[in-house]
Amino acid sequence: MQHRSKVLVRDAAVTAVIIAVLAGLLAGGLKVASVVRHDRTAARSTATTTSTAGRSTTTTSRPPAKAAAPTSSGAPALGVYAGPGAAGAVEALNTTTGGKVTYALDFLPATNWTQLSDPAWLEHAWAGSPFQPVIAVPMLPDSGGTLAAGAAGDYDNVFTRLAQNLVSSGFGDAVLMIGWQPGDAPNPWRVTTPEQAAAYIFYWNRIRSAMAAVPGAHFRFEWDAGGPGAPVSPTLTYPGNKAVDIIATDAFDVGLDYVPPDKQWSTLNDEHGGPAWVASFAAEHHKPLALAMVGLAPESNGGAGDNAAFLRDTLSWANAVHAVMEGLWDYSTWSITGGGYPAAAEPLAPAIQRGIVGGPAAAAPCGTEWDPPWAQAGRRGRRLGGVRCRVWRRGR
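Undergrad: Just checking my understanding: could you explain the overall build of the chain for this structure?
TA: Looking only at helices and strands, the chain has twelve helices and ten strands in total. Residues counted as buried form 55% of the 396 residues belonging to the chain. Here the analysis covers contacts within the chain between residues at least 6 apart in sequence; of these, 79% occur between residues at least 24 apart. Accessible area for the chain stands at about 15,900 Å²; split by element, carbon and sulfur atoms hold 54% of it.

Here is the structure:
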């Protein structure tokens, strides 16, 4: 009975904190928006793990990732997801594009807490890779857990261990995409109510704090708002300017078959929570914008298949708004360059040649002082390669 009383007191305290956070958000003028649209199916990776026996605890020698440098053209750096641990496939695409791939995205396995905190397979798969790692970090595993418990600090030690393992494996400079797509149904951390949104924010900040506090960690933290159709407005799941370095969104041509292929990008872009909305939100918060995942879905998954217009429009838009990175989903039957989508793959090479995509890594983690050129409106500040920002110093 005494133990149960302590649990009830703890849960009541957590609930009070969540309500307080929510009240603060609502007092700031944030509004809940319910968005109704056609069903969308988001791609989600399932990583294959390897044995953790004999795992090294010393820092692994890994070539430094491509150095962050300002880009005068404003072209987004090119990223790619080619499958779990698919370093060879990313290298092949890098060769095909003339060395223009900068970022490599991969997902930590979410089967259970042990796999999440000790991803030995990541070290083995990406050892020797020159690409800047972008690692998607699940907030909860498939085996169970709650946002409320995370907000109470129950899982802090899991993410401390994860950060220690990443640093010891040579991934201390990775971009960490925590709790991506909070409105997406397959994710265990899905947010469907304002109360869950407050818990998500609190928990997201706890994860960031736990990982950033590990010695040797120089992580950058990316928040991926996902796409349109979330049960609550992305304004309610934003972790805050102090926690977030990069704001991201995604763009898949899923659920857009009710409009012609050449109108699908503009339809997606104009929706609440779509890329244009997220770009404006990022500008308002003075954060760099990334398109974390851009992909084409097979017709069997609700996409348009070989949709050249969608990819071409996405590439042009990302350049126009000076996104710092655009990540291609290049995996399995959704692969853009794998041969199944010849028409869609065709615009990529000319876009690289014309400087629309494939620029160097952005010089802008920029804390709270970053404005894209189209949002500067005469503001003063130090400008690096067409953006206003503070220089990113590792180990800040």
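That covers the picture; the talk isn't over yet.
Undergrad: I'm lost on unusual backbone geometry in this one. Help?
TA: One non-glycine residue with positive phi stands out, namely H286, at about 55 degrees. Secondary-structure assignment places H286 in the loop between α9 (275-284) and β7 (289-295). Within the chain, S332 stands out as a residue other than glycine whose phi angle is a positive 55 degrees. Its location among the elements puts S332 in the loop between β8 (325-329) and α11 (342-345).

Undergrad: Would you mind going over the pairing of strand β3 (residues 132-137) with me for this structure?
TA: In summary, the side chains of a regular strand alternate between the two faces of the sheet. Here β3 lies mainly inside the structure; six of its six residues are buried. Burial along β3 is two-sided: Q132, V134 and A136 facing one way and P133, I135 and V137 facing the other are all buried. With five bridges connecting them, strand β2 (residues 101-107) and β3 associate as parallel partners. Bridging across to β3, L105 finds its partner in V134. Bridging between β3 and strand β4 (residues 175-178) involves four bridges; their strand directions are parallel. Within β4, the position partnered with V134 by the bridge is V175.

Undergrad: Quick question: what am I supposed to make of the packing of aromatic side chains here?
TA: Ring pairs (aromatic) are described by centroid distance and by the angle formed between their planes. Within this structure, the stated rule accounts for 19 aromatic pairs. Summarising the aromatic geometry, the rings of Y81 and W329 are spaced 4.5 Å apart at their centres and angled 45 degrees between planes, so their arrangement reads as tilted. Here Y81 is found in strand β1 (residues 77-81), whereas its partner W329 is found in strand β8, with 248 residues between them in sequence. Taking the centre distance of 4.4 Å and the plane angle of 35 degrees together, the rings of W113 and Y155 count as tilted. Of this pair, W113 sits in helix α3 (residues 113-117) while Y155 sits in the loop between α5 (147-151) and α6 (156-168); the two residues are 42 residues apart in sequence, bridging distant segments of the chain. By way of ring pairs, the aromatic residues Y81, F107, W180, W189, F252, W329, Y331 and W334 are connected into one cluster.

Undergrad: In this structure, what is going on with the sheet that holds β4? I would like to understand it.
TA: Strand-to-strand pairing in sheets goes through backbone hydrogen bonds, with the strands running parallel or antiparallel. A barrel is described by the order of its strands in space; here eight strands give the closed sequence β1-β2-β3-β4-β5-β6-β7-β8, paired in parallel fashion. Each adjacent strand pair in this sheet contributes to an overall mean axis angle of 25 degrees, direction not counted. The strands that helix α2 (residues 87-96) touches are β1 and β2; relative to β2, the one it contacts most, it runs at about 160 degrees.

Undergrad: Got a minute to help me understand α2 in this structure?
TA: For an α-helix, the turn length of 3.6 residues means that residues three or four places apart are oriented alike. Inspection of α2 places A87, V90, L93 and N94 among the buried residues, and these make up the whole buried set. Relative to the axis of α2, the buried residues are bounded by an arc of 125 degrees and lie together on one face. Pointing more than 90 degrees away from the buried face of α2 are the exposed residues G88, T95 and T96. Elements in contact with the buried residues of α2: β1, β2 and α4 (120-126). Backbone geometry just downstream of α2 places G98 in the positive-phi region, at approximately 75 degrees.

Undergrad: Please clarify how the nonpolar core should be interpreted in this entry.
TA: Across soluble globular proteins, nonpolar side chains have a tendency to be buried as a group. Counting 108 residues, the largest nonpolar core has F159, Y203, M211 and F219 as the members making the most contacts within it. Considering each element in turn, this core owes the most residues, nine residues, to helix α7 (residues 194-212). Excluding anything up to four places from it in sequence, M211 contacts F159, L162, A163, L166, L176, A217, F219 and F221.

Undergrad: Just checking my understanding: could you explain the side chain of D253 for this structure?
TA: Examined against the element boundaries, D253 turns out to sit in the loop between β6 (246-252) and α8 (261-270). Reaching out from D253, the side chain makes a polar contact with the side chain of N307 at a distance of 3.3 Å. Apart from residues lying up to four places away in sequence, D253 is in contact with Q264, G295, L296, A297, G302, G303, A304, G305, N307 and F310.

Undergrad: Is there a simple way to think about the pairing of β6 in this case?
TA: Buried residues dominate β6, accounting for seven of its seven residues. Side chains I246, A248, D250 and F252 of β6 all project onto a buried face; the interleaved residues I247, T249 and A251 project onto the opposite face, where all are buried too. Here three bridges tie strand β5 (residues 220-224) to β6, and the two strands are oriented parallel to one another. Residue pairing for β6: E222 is matched across the bridge by I246. Two elements, β6 and β7, share six bridges in a ladder whose sense is parallel. The partner of A251 across the bridge, within β7, is V294.

Undergrad: What should I look at first to understand the packing of α6 against α7 in this one?
TA: Helix-helix packing is described using two parameters, namely the angle between the two axes and the distance between the axes. Contact geometry for α6 and α7: axes closest at 8 Å, N-to-C directions at 40 degrees. Judged by the angle between their axes, α6 and α7 are oblique. Where α6 crosses over α7, the handedness of that crossing is right-handed. Between α6, through D156, F159, T160, L162, A163 and L166, and α7, the contact on the second element is made entirely by Y203, R206, I207, A210 and M211. The residue inventory of the contact of α6 with α7, partitioned by class, reads eight nonpolar, one polar and two charged.

Undergrad: In this structure, what is going on with the packing of α8 against α9? I would like to understand it.
TA: Where α8 contacts α9, the two axes come as close as 5 Å, and the packing angle between them is 45 degrees. What the angle tells us is that α8 and α9 run oblique. Along the contact surface, α8 presents W265, L268 and N269, while α9 presents P275, A276 and W277. Classifying every residue of the contact of α8 with α9 by side-chain character gives five nonpolar, one polar and no charged.

Scoring rules and cut-offs
Residues numbered from 1 in each chain as written. Predicted model: local features only at pLDDT ≥ 70, side-chain atom pairs only at ≥ 80, totals over all residues. Heavy atoms only, no water. Helix = DSSP H or I, 4+ residues; strand = E, 2+ residues; numbered from the N terminus. Buried < 20%, exposed > 50% of the residue type's maximum accessible area, 1.4 Å probe, protein only. Contact = heavy atoms within 4.5 Å. Areas by Shrake-Rupley, 256 points an atom, 1.4 Å probe, with all protein chains shown as cover. Pairing = 2+ DSSP bridges. Phe/Tyr/Trp six-rings, centres within 6.5 Å; stacked < 30°, edge-to-face > 60°. Axes fitted to C-alpha atoms, helices over the stretch in contact; angles between N-to-C directions. Arc of directions from axis to C-beta. Core = buried A, V, L, I, M, F, W, Y, C linked by side-chain atoms within 4.5 Å. Polar contact = N/O pair within 3.5 Å; in protein donor to acceptor, adjacent residues only side chain to side chain. Parallel < 35°, antiparallel > 145°, perpendicular 65-115°, else oblique. Left-handed = near helix turned anticlockwise from the far one by under 90°. Nonpolar A, V, L, I, M, F, W, Y, C, P; charged D, E, K, R; others polar.

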